[in-house]
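# Topology and contacts: notes
Here is how the chains run, residue by residue.
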Amino acid sequence: RRGLLRLALAAAVVTGVTGARAGPAGGGAGSRPSIVLFFVDDMAYGDVGATGAPGIRTPNIDRLAKEGRRLTGWYSAASICSPSRASLMTGRHFVRTGVYPGALNCNAETGLHLEEHTMGEVIQGAGYRTAMLGKWHLGQRPDYLPHSRGFDRYFGVPYSVDQGSLADHNCKQKDCPYLPLLRDGDILEQPVDPETLTEKYVQEAKGFIEASVSSGDPFLLVFASSHVHVSVPGKPQYSGKAFQGSQRRGHFGDAVAETDWAVGELMLELDRLGVGDDTLVVMTSDNGPWMNKETNCGSPGPFRGLWPLLNGNYWDTGKGSTWEGGFRMPAFARWPGVIPPGSVSQQPLSTLDLFPTFARVAGAPLPPGLVLDGHDITEVLEHGDGEPGKREVWADGMPLWRQKDPIEIAALRTGRFKLHFLTQSGFGDDPVVAHDPPLVFDVDSDPAEQFPLDPTDPEIAQLVQDSVARRLDLNTTIARRPPAQKGGFRKYALCDRPVFDDCFNTGPLDALEL
């Protein structure tokens, strides 16, 4: 079979690594596919046509889904920006990396721990050209930026678009500078106009792809869109002029439409250069919708988290929470000749799985002794879930971590069941609620988490007993680095102006969203 042959030629031996399965021996550089990852900011499960968005047209993303495998059981590794991206880049739970609690400040002193091995470093070491475009959010100081972490090229905004002031709108924090656009460690524009960002990202990506194809080397491109995260107060959503007013869903829909255009442009570029069939393309998002932004955020689709709405007096069950809306992401993978078109995987999979999967596909040996929490899912991408009853990738339980104190495993996904030990809204003032016994939902048949199962049922009681023990074991045995998120310091702000203070907003404090 063509797919089996190509995968065998591309794969490396991956041994001695927790969480990653071994693959067959790798072939030469010419046999290895390139890899493109579209990693969208705050795009929720219900925001694209392929997963049911009613008021947004996404023909290019829908094409990606149709021509590959829809991964309908996909989970992010965290429900907020920086921790999720730390896990993407390392294949490790964010507590191992030190990137917690919450998102890094725009003036953060540190970032992703410098001893961590990144996806870029490992795949670059296998002879790939590597580029990171868009939002990074793992540290803005020189040693923490992508060009120092395994990426030959970085072009983007180093944190969320709402963490920098615009020419005519102030940031929500007093000490955030004007929004910078970087190439490697150099500031190209400050402030950059977010309405031009996506077009700039696309042009840079096309240049990288063309240069890589001309060199004859395979490449890894991480296209981390600044869309569809909210922007600053007074300009809560944005898009390029060509997309403004194009969607029934309003400004948010316009932002999704521009994201879809970017995907389409790069897919066309791959085909134009003759490498579309030799490229693994994956698309997903970092976390669910920031629900208290109302119509300026996305939709969790069926993953609404109705139990707390009906019993806990809050509705904020997206980003920041451990309800399904915070973690369940749209995800698609396309690799012609390897991944069957029109196929689906329904089992739980995770952003944590991308690092070991990309390493295997690239034939990249992993550093000795590296502990990964993700799994190589090349078999799932090619063959799907297999026969009913076949052991799933995360059969031992997928832990879902809280992103704020107490930093613990709040929920555990085990097969079709999900157990909540601690619950709280994403960004509300409600207290943390401990559940003993845990709330248990069959999220396959009850994706809205509305109907908890009876803990006295013998099957559920055994599940609870096993899961309590598993959670305790994981909470106590997963090594943690000290937290990197300790606030920000004005002196670390990025600035391209002769007078440092000229890089900050000067509006009255009562105009800021503090």
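Heads up: the structure comes first, above all this text.
Not measured: the values here are computed from a predicted model. (Residues numbered from 1 in each chain as written. Predicted model: local features only at pLDDT ≥ 70, side-chain atom pairs only at ≥ 80, totals over all residues. Heavy atoms only, no water.)

## Here's the deal with helix 10 (residues 354-362)
- Buried residues dominate helix 10, accounting for nine of its nine residues.
- Within the sequence span of helix 10, burial applies to Leu354, Phe355, Pro356, Thr357, Phe358, Ala359, Arg360, Val361 and Ala362. (Buried < 20%, exposed > 50% of the residue type's maximum accessible area, 1.4 Å probe, protein only. Helix = DSSP H or I, 4+ residues; strand = E, 2+ residues; numbered from the N terminus.)

## Regarding helix 12 (residues 458-477)
- An ideal rise of 1.5 Å per residue puts 28 Å on 20 residues; helix 12 measures up with 29 Å between its terminal C-alpha atoms.
- In the core, the buried residues of helix 12 are packed alongside strand 13 (398-401), strand 14 (409-414), strand 15 (417-423) and strand 16 (433-442).
- Between the side-chain oxygen of the N-cap and the backbone nitrogen of Glu459 there are 3.0 Å, and the N-cap of helix 12 in question is Asp457. (Expected span 1.5 Å × (residues − 1). Contact = heavy atoms within 4.5 Å. Polar contact = N/O pair within 3.5 Å; in protein donor to acceptor, adjacent residues only side chain to side chain.)

## Observations regarding the pairing of strand 7 (residues 186-189)
- Sheet analysis places strand 6 (residues 181-183) next to strand 7, joined by three bridges and oriented antiparallel. Within the sheet, the bridge partner assigned to Leu181 lies in strand 7 and is Glu189.
- The hairpin formed by strand 6 and strand 7 contains two residues between the paired strands, and Asp184 there has a positive phi angle of roughly 55°. (Pairing = 2+ DSSP bridges.)

## What about the packing of helix 2 (residues 59-66) against helix 7 (residues 250-272)?
- Two numbers describe how helix 2 lies on helix 7: the axes approach to 7 Å, and their chain directions differ by 55°. What the angle tells us is that helix 2 and helix 7 run oblique. The residues of helix 7 that touch helix 2, namely those facing Pro59, Asn60, Ile61, Arg63 and Leu64, are Asp260, Trp261, Val263, Gly264, Met267 and Asp271.
- For the contact of helix 2 with helix 7, a count of residues per class yields six nonpolar, two polar and three charged. (Axes fitted to C-alpha atoms, helices over the stretch in contact; angles between N-to-C directions. Parallel < 35°, antiparallel > 145°, perpendicular 65-115°, else oblique. Nonpolar A, V, L, I, M, F, W, Y, C, P; charged D, E, K, R; others polar.)

## Brief notes about the state of the cysteines
- Applying the stated criterion across every chain, the model contains two disulfides.
- At a sulfur-sulfur separation of 2.1 Å, the disulfide partner of Cys171 is Cys176.
- Here Cys495 engages in a disulfide with Cys503; their sulfurs sit 2.1 Å apart. With the S-S dihedral at roughly 75°, the linkage between Cys495 and Cys503 falls on the right-handed side.
- For Cys495, a relative accessible area of 22% translates into the label partly exposed.
- When its relative accessible area of 0% is taken as the criterion, Cys503 is described as buried.
- The cystine pairing of the chain, numbering bonded cysteines in sequence order, is 1-2, 3-4.
- Cys106 carries a free sulfur, and the closest cysteine sulfur to it, the one in Cys176, is 5.1 Å from it. (Disulfide = S-S within 2.5 Å.)

## Description of the nonpolar core
- Residues Met89, Met119 and Phe358 are the most contacted members of the largest nonpolar core, which totals 66 residues.
- Here this core gets six residues from one element, more than from any other, and that element is helix 10.
- Discounting residues that sit within four places of it in the chain, Met89 has contacts with Leu112, His117, Thr118, Met119, Met132, Trp136, Leu138, Phe151, Val222 and Phe355.
- Counting residues in each nonpolar core, the second largest holds 47 residues, with Ala53, Leu197, Val256 and Val281 among its members. (Core = buried A, V, L, I, M, F, W, Y, C linked by side-chain atoms within 4.5 Å.)

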